[in-house]
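# A closer look at the structure
Chain residues, written in single-letter form:
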Amino acid sequence: MSSESNALVLERFGELPRLLERPVPDARPGHTLVRMLAAQVGHLDLNIVDGRFGILPDLPAVPGTNGAGRVLASDTHPVGSLVRISGKGLGLRRDGCWRSHALVPDATAVPVPEGMDPALACGFATPAGTAWAAVHSVAAVRPRERVLVTGAAGAVGSLAVQVAAHAGAEVIGVVGRPAKLDRVPAAAKAVLAGELTAEAIGGPVDVVVDTVGGPVLKSALGLVRPRGRVALVGYTAGRELTVDLADFLLADVSLLPVNLMTRGREVAADVERMLAELTAGELELAVERHRPEQLADAARRLRTGAAVGLVVLDLS
Ligand SMILES: NC(=O)c1ccc[n+]([C@@H]2O[C@H](COP(=O)([O-])OP(=O)(O)OC[C@H]3O[C@@H](n4cnc5c(N)ncnc54)[C@H](OP(=O)(O)O)[C@@H]3O)[C@@H](O)[C@H]2O)c1
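Residues numbered from 1 in each chain as written. Predicted model: local features only at pLDDT ≥ 70, side-chain atom pairs only at ≥ 80, totals over all residues. Heavy atoms only, no water.

## Some details on a positive patch on the surface
Just so we agree on the cut-off: Residues enter a patch when their relative accessible area is above 30% and they make no salt bridge; the linking distance is 9 Å between like charges and 5 Å between nonpolar side chains (Val, Leu, Ile, Met, Phe, Trp, Tyr). To measure how exposed things are, a 1.4 Å probe is used in the Shrake-Rupley method; for residues, cover is taken only from the protein chains shown. In what follows, salt bridge is the name for a side-chain nitrogen of Lys or Arg lying within 4 Å of a carboxyl oxygen of Asp or Glu. Positive residues here are Lys and Arg, negative ones are Asp and Glu, while His and the chain termini are left out of the count. Each charge is placed at NZ for Lys, CZ for Arg, CG for Asp and CD for Glu. Secondary structure counts use DSSP, requiring at least four H or I residues in a row for a helix and at least two E residues in a row for a strand, with both numbered from the N terminus. Each residue is placed in one exposure class: buried if its accessible area under a 1.4 Å probe, protein chains only, is under 20% of its type's maximum, exposed if it is over 50%, and partly exposed if it falls in between.
Taken together, the side chains of Arg28, Lys88, Arg94 and Arg265 make up a positively charged region of the molecular surface. By the element assignment, Arg28 lies in the loop between strand 2 (18–23) and strand 3 (31–40). A relative accessible area of 47% means that Arg28 is categorised as partly exposed.

So, in structure tokens, the structure goes:
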């Protein structure tokens, strides 16, 4: 085995990690050594890099909460098998996936069917699990309901559109810029956020799945019928929402948080099926691949909303 390895090492919050050479970690009991092939660059990872999350690592640290690769050494997993890795504080309390070789607790590695794109395997928890949890566990979308999804060309949004459509809903997909209108999955009617009115979408909706937050959430709230639900997934466009409580009571719309950290287990079987459907091409998810040297580009595209779909580091 080569003794060379590299890792993106976060030395100061607010600055991007630097690509540094490191020795390959020594195998040890209870741990699996993985040659990483892909690692997600997600908003959570960037919030950690920025020091803007409730749980933060001691520095220096290797970020990356979700990844996939091949087993090099393990007492638990067959050598050579494809696994996805996440959980148990990976990328938060312990070194994560933004490295060529990761020594991780056995329980963080889960076998993945041979032939699956490692980039898609990284998307197990999010976007796949998050989209499923938002549509089914939290919003409980029913057939023939009208569902509005914001950030509908984004990673979670584009899958939420398809999951809601498969549940029998009529789906409206909202995007922030004209260039993304044709990146909304065909299952939805695509609408620009700046042109979002009740008339433009044919009247009130039963459900909103919001991946954007800020002012987009505020305008979407006004489009929901009384007793409707809003599943709040993210806050890319702003972390704050001010609510006039009298209006809130009058509107009678439930604002419901989607927290995948508390819902991961309950959606796992459904997400396994989603990944199989993604691999078979029955669900679609755009993937942007960047080399580790291009982390700055990947981060910029995600932070500005220019990215379309899942953003991953190609570590192969
Ligand atoms: N609650 C949970 O458990 C959970 C789990 C996973 C992810 N999340 C959160 O869900 C959100 C969406 O995740 P994602 O992976 O789908 O992200 P994404 O692919 O980047 O999609 C987010 C969308 O937000 C919109 N946006 C508006 N203003 C933006 C800005 N200033 N910067 C960046 N994007 C902006 C963009 O769409 P337009 O250009 O069309 O507006 C973008 O496509 C993130 O906040 C993430 O942290 C939450």
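## Side note on the site of the ligand
Keep this limit in mind: In these notes, residues near a molecule or strand are those with any non-hydrogen atom within 4 Å of it. Whenever a nitrogen or oxygen atom comes within 3.5 Å of another N or O atom, the pair is scored as a polar contact, on the condition that within protein one atom can donate a hydrogen and the other can accept it, and that pairs from neighbouring residues in sequence are kept only if both atoms are in side chains.
Taken together, 26 residues surround the ligand, and among them His43, Ala155, Gly176, Lys180 and Val258 come closest. Residue Val156 places a main-chain N or O atom 2.8 Å away from an oxygen atom belonging to the ligand. Gly176 places a polar main-chain atom, nitrogen or oxygen, 2.7 Å from an oxygen atom of the ligand. Starting from 900 Å² of accessible surface for the ligand in isolation, the protein chains cover 83%. Among the elements of the structure, helix 3 (124–138), helix 4 (155–166) and helix 8 (295–304) are those that each provide at least two residues to the shell around the ligand. Sorting elements by how many residues they give to the shell around the ligand places helix 8 first, with three residues.

## Describing the state of the cysteines
Here is the rule we go by: Throughout, a disulfide means two cysteine sulfur atoms within 2.5 Å of one another.
With the rule as written, the count across this model stands at zero disulfides. Cysteine Cys97 is unpaired, with the sulfur of Cys122 as its nearest cysteine sulfur at 7.3 Å.

## A few points about unusual backbone geometry
Cis geometry is found at the peptide bond from Leu59 to Pro60, where omega equals 0°. Cis geometry is found at the peptide bond from Thr126 to Pro127, where omega equals 15°. Position of Pro127 among the secondary structure elements: in helix 3. Backbone geometry at Ala140 places phi at a positive 50°, although glycine is not the residue there. Mapped onto the fold, Ala140 is located in the loop between helix 3 and strand 8 (146–150).

## Brief notes about the nonpolar core
For clarity, the threshold we go by: To qualify as a nonpolar core, a set must consist of buried Ala, Val, Leu, Ile, Met, Phe, Trp, Tyr and Cys residues joined through side-chain atoms within 4.5 Å. Throughout the structure description, domain borders are defined by an automatic or database domain assignment. The contact definition used throughout considers only heavy atoms, calling two residues in contact when any of these lie within 4.5 Å.
Of all hydrophobic cores here, the largest spans 51 residues; its most connected members are Val141, Val147, Val149 and Val209. With eight residues, helix 3 is the single largest residue contributor to this core. When residues are assigned to domains, this core turns out to be shared by domain 1 (4–122 + 286–314) and domain 2 (126–260), each giving three or more. Setting aside residues no more than four positions away along its own chain, Val209 makes contact with Ala134, Val135, Val147, Leu148, Val149, Thr150, Ala160, Ala231 and Val233. Counting residues in hydrophobic clusters, the runner-up holds 28 residues, among them Leu8, Val34, Ile85 and Cys97.

## Quick notes on the environment of Gly222
Summarising the element assignment, Gly222 is placed in the loop between helix 5 (214–221) and strand 12 (224–232). Along the primary structure Gly222 and Val205 are separated by 17 residues, whereas in three dimensions their C-alpha atoms are 9.7 Å apart.

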